[in-house]
Amino acid sequence: MATTHTTRMLIIGSGPAGLSAAIYGARAGMEPIVVQGLQPGGQLTITTDVENYPGFRDVIQGPWLMQEMQAQAEHVGTRMLWDTITEVGLEGPPFRAIGDSGDVYEGDVLVIATGAQARWLGVPGEAELGGKGVSACATCDGFFYRGKKVVVIGGGNTAVEEALYLTNHSPDVTLIHRRDSLRAEKILQDRLMSNPRITVLWNKAVERFTGAPGGALEAVELVDTVTGETSSLATDGAFVAIGHAPATDLFKGKLELDESGYIVVQPGTPKTAIPGVFACGDVMDQTYRQAVTAAGTGCMAALDAERFLAEHAFAAAQKVAAE
Ligand code: FAD
Ligand code: NAP
């Protein structure tokens, strides 16, 4: 039977943004509910080594970090619920969300932390070699390719920035693009072209990623998009940089989204245009997209949520006193 769950603070998403909001929210007495979604723990649960989350001298594992974050959130009083939200009503407070299970969730404030997912090519070998040479995040994994040969696939700002970033570690970076011109801004293109560590392969599409069975990536198999000619390029690492998709389908027509589909917030805050509805993490940030920035904006969302509730309670008390 469907149940209605009520809370002062409803959080959709259980990545670093949602769990950080929960930790702060629980400690402020808001008794948060986190609806976890299909990927409990978020994107870091599909990676291995994490070396840039502050506080750990040694390499830690993404899934372990998220387990610890969840344990901390629960320890201070968060309720974690396993459901996926399929519909939201933002005419609140209270704000309403309906889960795949049929359960209804109501919160005096709503924190949206549904994240974003890297777009993948969907070619053979890509999923199998994920974490074994194939990645979608140079900032996260570039360090593992010190002195090695890497390729980046894509022709937008992200691909060019990733290629430039990778030259900090690798002397041999190849950008593979399916057309003969880049979509990236001119200034980035200029930097790319003048970098002696980078080669650009034009009009090439990746057909498959290959490696020994059970082993790491060894090569990318290419096809020329003009001539149809095929070729193979040996590489140690491949970074797919063809864009990200924020998880905002639920909010179309209900909240302002930018041209790439990210939730628009007031600059420097997690506040959406609806008072009491906050967005944090990758779902509102297409620039930084890091666990630590997601956690930071999750913290901001909880602090602003607490202020919103305090102001709301104060206004209600004044109204009662005046009656
Ligand atoms: P996410 O982690 O994307 O979490 C989103 C959450 O929302 C998930 O729990 C999902 O289940 C939930 N959700 C979505 N839709 C719904 C719904 N309808 N109902 C309920 N729940 C929903 N960053 C680093 O700082 N260092 C790294 O080393 C690093 N490595 C990475 C490696 C990989 C392979 C990837 C993909 C990313 C990596 N990142 C790294 C980036 C980092 O993982 C993200 O920036 C971070 O996870 C964003 O956190 P988030 O909480 O905003 O969203
Ligand atoms: P993007 O601009 O959409 O570019 C995606 C690139 O990937 C395009 O070059 C596209 O090729 C290519 N691509 C898409 N699907 C492909 C496929 N299946 N196979 C091969 N190639 C494929 O994405 P983005 O670079 O992530 O940028 C997204 C947004 O963030 C943009 O608005 C960008 O300006 C912004 N951004 C800004 C900065 C910055 O300001 N510093 C940094 C990063 C991102 P085609 O060109 O042929 O379509």
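Predicted model, so just to flag it, every value in this text is computed and none were measured. Going along each chain's sequence as written, the residues are numbered from 1 onward. Chains and ligands are labelled by the order in which they are written, letters from A for the one and numbers from 1 for the other. In keeping with the model being predicted, local features are shown solely for residues with a pLDDT of at least 70 and side-chain atom pairs are shown and tallied solely at 80 or more, while totals for entire chains, interfaces and linings include all residues. Hydrogens are left out, water is left out, and the side-chain values use all remaining heavy atoms of the structure.

1. Describing the pairing of strand β14 (residues 204-211)
In this description, strands pair whenever DSSP reports at least two bridges between them. Each helix is a run of DSSP H or I of at least 4 residues and each strand a run of E of at least 2, with the numbering of both proceeding from the N terminus. As paired strands, β14 and strand β15 (residues 217-224) are joined by seven bridges and run antiparallel to one another. Within the sheet, the bridge partner assigned to Gly211 lies in β15 and is Leu217. Linkage of β14 to β15, two consecutive antiparallel strands, is achieved through a turn of five residues, within which Gly214 is found at a positive phi near 75°.

2. Topic: the sheet that holds β15
Strand order across the open sheet formed by three strands is β14-β15-β16, with antiparallel pairing between neighbours. Of all strands in the sheet, those with a lone pairing partner are β14 and β16 (230-234), marking the two edges. For this sheet, the mean inter-axis angle between neighbouring strands, taken without regard to orientation, is 25°. Bridging between β15 and β16 involves five bridges; their strand directions are antiparallel. Its bridge partner lying in β16, Glu221 is registered against Ser232. Geometry is summarised by axes, namely lines fitted to C-alpha atoms with helices restricted to the contacting stretch, and by angles between N-to-C directions that run from 0 to 180 degrees.

3. With respect to the site of ligand 2
Note on terminology: near, applied to a residue and a molecule or strand, indicates that one of the residue's heavy atoms is within 4 Å of it. Around ligand 2, the structure places 15 residues, and the nearest of them are Thr158, Glu161, Arg179, Arg183 and Gln286. Note that Gly is not counted as nonpolar here; it falls among the polar residues with everything else outside the nonpolar set of Ala, Val, Leu, Ile, Met, Phe, Trp, Tyr, Cys and Pro and the charged set of Asp, Glu, Lys and Arg. Class assignment for the residues of the shell around ligand 2 results in two nonpolar, eight polar and five charged.

4. Quick word on the pattern of salt bridges
Any carboxyl oxygen of Asp or Glu within 4 Å of a side-chain nitrogen of Lys or Arg constitutes a salt bridge here. Applying the stated criterion to the full structure yields six salt bridges. Of the charged contacts in the structure, one is a salt bridge between Asp304 and Arg307, with a shortest N-O distance of 3.2 Å. One end of the pair is Asp304 and the other is Arg307, both in helix α6 (residues 291-322) and three residues apart, which spans about a single turn. Here the term buried applies to any residue with accessible area under 20% of the maximum for its type, exposed to any over 50%, and partly exposed to those in between, with areas from a 1.4 Å probe on protein chains only. Classification of Asp304 as buried rests on a relative accessible area of 12%. A relative accessible area of 48% means that Arg307 is categorised as partly exposed.

5. Some remarks on the site of ligand 1
Taken together, 31 residues lie around ligand 1, and Gln36, Gln39, Gln43, Asn52 and Ala291 are the ones closest in. Two N or O atoms count as a polar contact when they lie within 3.5 Å, although within protein this holds only if one can serve as hydrogen donor and the other as acceptor, and sequence-adjacent residues are included solely when both atoms are side-chain atoms. Backbone polar atom of Ile85 to a nitrogen atom of ligand 1: 2.9 Å apart, as the coordinates give it. Here the Shrake-Rupley method, with its probe set to 1.4 Å, supplies the accessible areas, and only the displayed protein chains count as covering residues. Alone, ligand 1 offers 1000 Å² of accessible surface; in the complex the protein occludes 93% of this. Sorting the residues of the shell around ligand 1 by element identifies α1 (16-27) and α6 as the ones contributing at least two each. Its residues assigned to classes, the shell around ligand 1 shows 14 nonpolar, 15 polar and two charged.

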